[in-house]
Amino acid sequence: MEIMDALLRAQEAAAPEVGRGRLAEYIPSLAAVDPRQFGMVIASCDGQVHVIGDADVPFSVQSISKVFTLALVVAAEGERIWERVSREPSGNPFNSLLQLDQEAGRPRNPFINAGALVVTDRLHSLTGNGYGALRDLMRGESGRADVGSDPEVARSELEAGHRTSALAHLLASYGNLECPVDQVIDQYVAQCALSMSCRELALAGLFLARDGVLSDGTPLLSARQTKRVNAVMLTCGTYDSAGEFAYRVGLPAKSGVGGGILAVIPDRGVACVWSPALGPSGSSAAGLAALDAFTTYSDWTVF
């Protein structure tokens, strides 16, 4: 089946789920987004881009940014980050304090909030401006020179981020942060508040389908490192529903509470879907349905 035909099937499958579920009410700016929007993009390694729906509407990338911060840290210093963060599925909500405390301040994986705070902390230590390093990567790979953090979303998230603050202080209490807590939180929120469209995110993530090679032909990651980042996405990228996501979709992926999901098809391309209403685990309900249908009706899957 042609990619556009599969995209149309995906849109049709997602239609009953668009607008169903809940918005991320704990971040007031995200709670005000129209939940009836849907967009999807397939960007292939050979340069083709296929779009449908609201694919060029910017949205808050939220936790999808965690894939890119992890890639930057691995690119800078290889395997060292795994001394501070595990690589196991959490089986708990993405903002769990209980699990972090029970496991002595070592987060289960880099994609739950506690793990992402540790990665952000390390990136900031390595670069002096972790948010700036991420922003520059996203600008270069997406082709949009003004990609940046939405100040209203960042302000809203800071004001409502009591649990994020608690996680950061708990990490610090176990000695698992290098930078001051307030600095790490500011960096983390700025990264999550990046505003990008499905098209831009798909283009930015293509290096994960190209063995770590950026759009200008230079390697960010080695093929081995890229394989490992994708592996952690497959097992941990959709929080406590990673097993269900792998069963239905069969792709390494990362979701965010802004309603986006970025999925990688190694050696083929990247899919990005966005619809703001979330299912029980915090991932887009329509996005899950769309990716399920797309991998069913196309041969773009790792299985």
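Where an unreviewed UniProt entry is consulted, the protein appears under the name Glutaminase, with the organism given as Nocardioides panacis.

Chemist: Describe the side chain of Ser-255, and please don't skip the residues or the numbers.
Modeler: Looking at the secondary structure, you find Ser-255 in strand β6 (residues 253-255). By relative accessible area, which is 0% here, Ser-255 ends up buried. A distance of 2.8 Å separates a polar atom in the side chain of Ser-255 from a polar atom in the side chain of Ser-283. Those residues within four positions of Ser-255 in sequence are excluded, and the remaining contacts are Ser-63, Ile-64, Gly-237, Thr-238, Tyr-239, Gly-260, Ile-261 and Ser-283.

Chemist: With reference to specific residues and values, describe the UniProt feature "binding site: substrate" (unreviewed entry) in the protein.
Modeler: The positions that UniProt labels "binding site: substrate" (unreviewed entry) are, in the present scheme, Ser-63, Asn-113, Glu-157, Tyr-188, Tyr-239 and Val-257. Mapped onto the elements, Asn-113 comes out in helix α5 (residues 113-127). On the basis of relative accessibility, which here comes to 7%, the residue Asn-113 falls in the buried class. Setting aside its immediate chain neighbours within four residues, Asn-113 contacts Ser-63, Lys-66, Phe-94, Asn-95, Leu-167 and Tyr-188.

Chemist: Outline the packing of α5 against helix α8 (residues 162-173), supporting the account with residue identities and numerical values.
Modeler: Running from N to C, α5 and α8 point in directions that differ by 65°, and their axes come no closer than 10 Å. Judged by the sense of rotation from one axis to the other, the crossing of α5 with α8 is right-handed. Only Thr-164, Leu-167, Ala-168 and Leu-171 of α8 make contact with α5, whose side of the interface consists of Asn-113, Ala-114, Leu-117 and Val-118. Split by residue class, the contact of α5 with α8 holds 6 nonpolar, 2 polar and no charged.

Chemist: Which residues make up the sheet that holds strand β4 (residues 148-149), and what values do they have?
Modeler: In spatial order, the strands read β3-β5-β4; together these 3 strands make up an open sheet with antiparallel pairing. Since the sheet does not close on itself, it has two edges, and those belong to β3 (59-60) and β4, each with one partner. Relative to strand β5 (residues 194-196), β4 runs antiparallel, the two sharing 2 bridges. Within the sheet, the bridge partner assigned to Gly-148 lies in β5 and is Ser-195. Across the sheet, helix α6 (residues 130-142) is in contact with β4 and β5; its angle to β5 comes to roughly 10°.

Definitions and limits used
- Residues numbered from 1 in each chain as written.
- Predicted model: local features only at pLDDT ≥ 70, side-chain atom pairs only at ≥ 80, totals over all residues.
- Heavy atoms only, no water.
- Helix = DSSP H or I, 4+ residues; strand = E, 2+ residues; numbered from the N terminus.
- Buried < 20%, exposed > 50% of the residue type's maximum accessible area, 1.4 Å probe, protein only.
- Polar contact = N/O pair within 3.5 Å; in protein donor to acceptor, adjacent residues only side chain to side chain.
- Contact = heavy atoms within 4.5 Å.
- UniProt positions renumbered as here; feature names shortened; annotations may be inferred.
- Axes fitted to C-alpha atoms, helices over the stretch in contact; angles between N-to-C directions.
- Left-handed = near helix turned anticlockwise from the far one by under 90°.
- Nonpolar A, V, L, I, M, F, W, Y, C, P; charged D, E, K, R; others polar.
- Pairing = 2+ DSSP bridges.

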